[in-house]
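Inside the fold
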Amino acid sequence: MILESERLLAEDLERLEQAIADRLLEEPKAIRERLSRDHQIARFVDRFQDQNKRLLEIQRDADGTRAKEIESISRGDPFEEFYRQLSSTKDFHRRYPNEPVENLERAYKRRAVEGASGYVDGVDIDSIFTGEEFNGRFLDMTQNHTEYLNLPGVKRITYLQYLSVYDKFDGFTKNQKTNDQYFQYLNGTSDYLESFLRRTRPLSNPDGIISGFDKEFDQAWEEGKITVFPAPKSATAGPQRVAPPNKDAGVYCEVCVKQFGNQKAYDNHLPGRKHKKALALSEANGSSSGDGTPTADSDKHRSIISTMRLKERAIGHREFRISKLAELLSKEREDTKVNVERKQSLTERERQMELESLLREATTEAGTANPGADDEEESDSDDKIYNPLKLPLAWDGKPIPYWLYKLHGLGVEFPCEICGNFVYMGRRAFDKHFNEWRHTHGLRCLGITNTTLFREITKIDEAVKLWEKIQTDKKKEKMTQESVTEMEDEEGNVLPYQVWLDLKKQGLL
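Below or above, wherever it landed, is the structure these notes cover. (Residues numbered from 1 in each chain as written. Predicted model: local features only at pLDDT ≥ 70, side-chain atom pairs only at ≥ 80, totals over all residues. Heavy atoms only, no water.)

**Description of the overall build of the chain**
Of the regular secondary structure elements, the chain holds 22 helices and 8 strands. Across the 509 residues of the chain, 30% fall into the buried class. Long-range pairs, those at least 24 residues apart, make up 51% of the contacts in the chain with a sequence separation of at least 6. Of the roughly 33,500 Å² that the chain leaves accessible, carbon and sulfur atoms contribute 52%. (Helix = DSSP H or I, 4+ residues; strand = E, 2+ residues; numbered from the N terminus. Buried < 20%, exposed > 50% of the residue type's maximum accessible area, 1.4 Å probe, protein only. Contact = heavy atoms within 4.5 Å. Areas by Shrake-Rupley, 256 points an atom, 1.4 Å probe, with all protein chains shown as cover.)

**Observations concerning the pairing of strand β6 (residues 422–425)**
Relative to β6, strand β5 (residues 413–416) is paired through 4 bridges, and the arrangement is antiparallel. The residue bridging F414 from the neighbouring strand is Y424, located in β6. Between β5 and the antiparallel strand that follows it, β6, lie 5 residues; G420 among them carries a positive phi value of about 80 degrees. (Pairing = 2+ DSSP bridges.)

**Quick notes on the nonpolar core**
Membership of the largest hydrophobic core comes to 34 residues, with the highest contact counts inside it found for M141, Y148, Y162, Y166, Y182, Y185 and L193. At the level of secondary structure, the elements contributing two or more residues to this core comprise α7 (142–149), α8 (159–165), α10 (180–200), α11 (206–222) and α14 (296–328). The greatest single-element share of this core, amounting to 7 residues, is contributed by α10. When neighbours within four sequence positions are excluded, Y162 is seen to be in contact with M141, N144, H145, Y148, I157, Y185 and T189. The next biggest cluster of nonpolar side chains, apart from the first, holds 14 residues, and it includes C416, F454, I457 and W467. (Core = buried A, V, L, I, M, F, W, Y, C linked by side-chain atoms within 4.5 Å.)

**Thoughts on the pattern of salt bridges**
Enumeration according to the criterion identifies 28 salt bridges in this entry. Residue K331 is joined to D335 by a salt bridge in which the shortest nitrogen-to-oxygen separation is 3.2 Å. With K331 and D335 both in helix α15 (residues 330–344) and 4 residues apart, the pair spans about one turn of that helix. On the basis of relative accessible area, D335 is assigned to the partly exposed category, the value being 28%. Taking the shortest distance from any N to any O, the salt bridge between R427 and D431 comes out at 3.3 Å. Linking R427 with D431, this pair stays in helix α19 (residues 427–432), spanning 4 residues, or about one helical turn. One connected set of salt bridges, linked through shared partners, spans E194, R198, D207, D214 and R321. (Salt bridge = Lys/Arg side-chain N within 4 Å of Asp/Glu carboxyl O.)

**Topic: a nonpolar patch on the surface**
Residues F79, F82, Y83 and L86 make up a contiguous nonpolar surface patch of roughly 450 Å² in combined accessible area. On the secondary structure map, Y83 appears in helix α4 (residues 78–95). For Y83, a relative accessible area of 53% puts it in the exposed group. (Patch = residues over 30% accessible without salt bridge, like charges linked within 9 Å, V, L, I, M, F, W, Y side chains within 5 Å.)

**Quick word on a positive patch on the surface**
Together, K258, R273, K274 and K277 line one region of the surface with positive charge. When residues in the positive patch are grouped by element, the largest group, 3 residues, is from helix α13 (residues 273–284). Inspection of the secondary structure puts K274 in helix α13. Owing to a relative accessible area of 68%, K274 belongs among the exposed residues under this scheme. (Lys, Arg positive; Asp, Glu negative; His and termini not counted. Charge placed at Lys NZ, Arg CZ, Asp CG, Glu CD.)

**Considering the packing of aromatic side chains**
Going through the model one piece at a time under the given rule, you end up with 17 aromatic pairs. Centroid distance Y148 to F172: 6.2 Å. Interplanar angle 90 degrees. Geometry classified as edge-to-face. Residue Y148 is located in helix α7, and its partner F172 is located in the loop between α8 and α9 (174–177); the two are separated by 24 residues in the primary sequence. Like F172, Y148 is buried. Measuring from ring centre to ring centre gives 4.9 Å for F414 and F430, while their planes differ by 25 degrees; the resulting arrangement is stacked. With F414 in strand β5 and F430 in helix α19, this residue pair connects regions lying 16 residues apart in the sequence. An identical accessibility class is assigned to F414 and F430; each is buried. Each residue in the set Y148, Y162, Y166, F172, Y182 and Y185 is aromatic and connected to the rest through ring pairs, giving one cluster. The ring of F422 carries the charged tip of R438 above its face, separated from the ring centre by 4.2 Å. (Phe/Tyr/Trp six-rings, centres within 6.5 Å; stacked < 30°, edge-to-face > 60°. Lys NZ or Arg CZ within 6 Å of the ring centre and 35° of its normal.)

The structure is reproduced here in structure tokens:
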């Protein structure tokens, strides 16, 4: 069946090519539909490449099975080979009667837009972007702004100011850049910008763009054009000589790799033990001992320098990527700044009017995207509410206010393992579910009958351990009650039965 697999792959490639061409001929007016089309074409291209690799492997015929099948058809009786393959096909479908058959004609057929939900041909645009990103028009770097403010020694700035300086790293000192928290911040910012690029421009070959940035960084690093840490402020050559005072940036000691706030602090640290030890290590760097072998201190110093060099390269690589991605997304960056400024100047009434206009725009786009729908479908699309924050719906079918959503904590998830990993939204729903049938049924499946003692317990192992402890305590209590049998000796003293029995066996009574 090698030839049949080859034919099927060739048919799949042709249909993929035709489906991509059909979608490229379209020019959607709405940004949501354009993104849906681009993401679907990107998926088709990935599938085309995978199927093409499989076809090339079959045609390469490394194990010779394809040549053997061609030889069996050409040299032997063709009808005998045909009926043999037909019997194997019938036997396969007899063993697997419910095996689905892939219909390539319908697999890549264009389907209509379903209202204003942004769900086009299996691509849910609303789930790809957040409400602040507005289908890829703006950046949503509020989380990165919070991480930036948590960096040690950073001046507090507004979100609007952060959008202008998040790709500038000249203001950080060496001590700040060598901090692990700074490296995590760079990773988070770089990952978000890369993710935004992949979501908004799926057809621009994001992998090729990122790899191009990496090659450009490697070349610039080899040529020495990348400067990660700020240059020392000392003007003299000797490592132990005093650098000229600089009131703005302080005085930097090359030996101790440390920056001081003023000249007096720098002078006071020179006679110190740490400075003398670092000076001896720097003088011994590159030298060897009397017998020609390198000293242990010099090897340790070299290892520290190599580690710092690797860390410097990693930090420089993240900073270079962020700068390039920010340059590539400059239009979205400027649009985000304008949008933030505009939102800050709006009143509550103007914000409500803006949401209503966005709702009308979304419904209009849905109506123009599906003009062949009947009046009933058009009325249904008009009733759909623009809900970018995915707020719960009230009794009237409209989203509840955002302040009410935050007040009840409906954005907080409470998973319960006993209920089959069911997730409850909000504390109120979580507290109520302990008396509902799902939680009670889960406890009874574990053999727990008294369910009132298991509030606030959601883990199966915790519930089982608590139930075992309760059962053990009940057995101990029962044994204690049984053992409280009092006896009276000849003098009238009342003793527990066990004590009375022990004394009697010893002959003391």
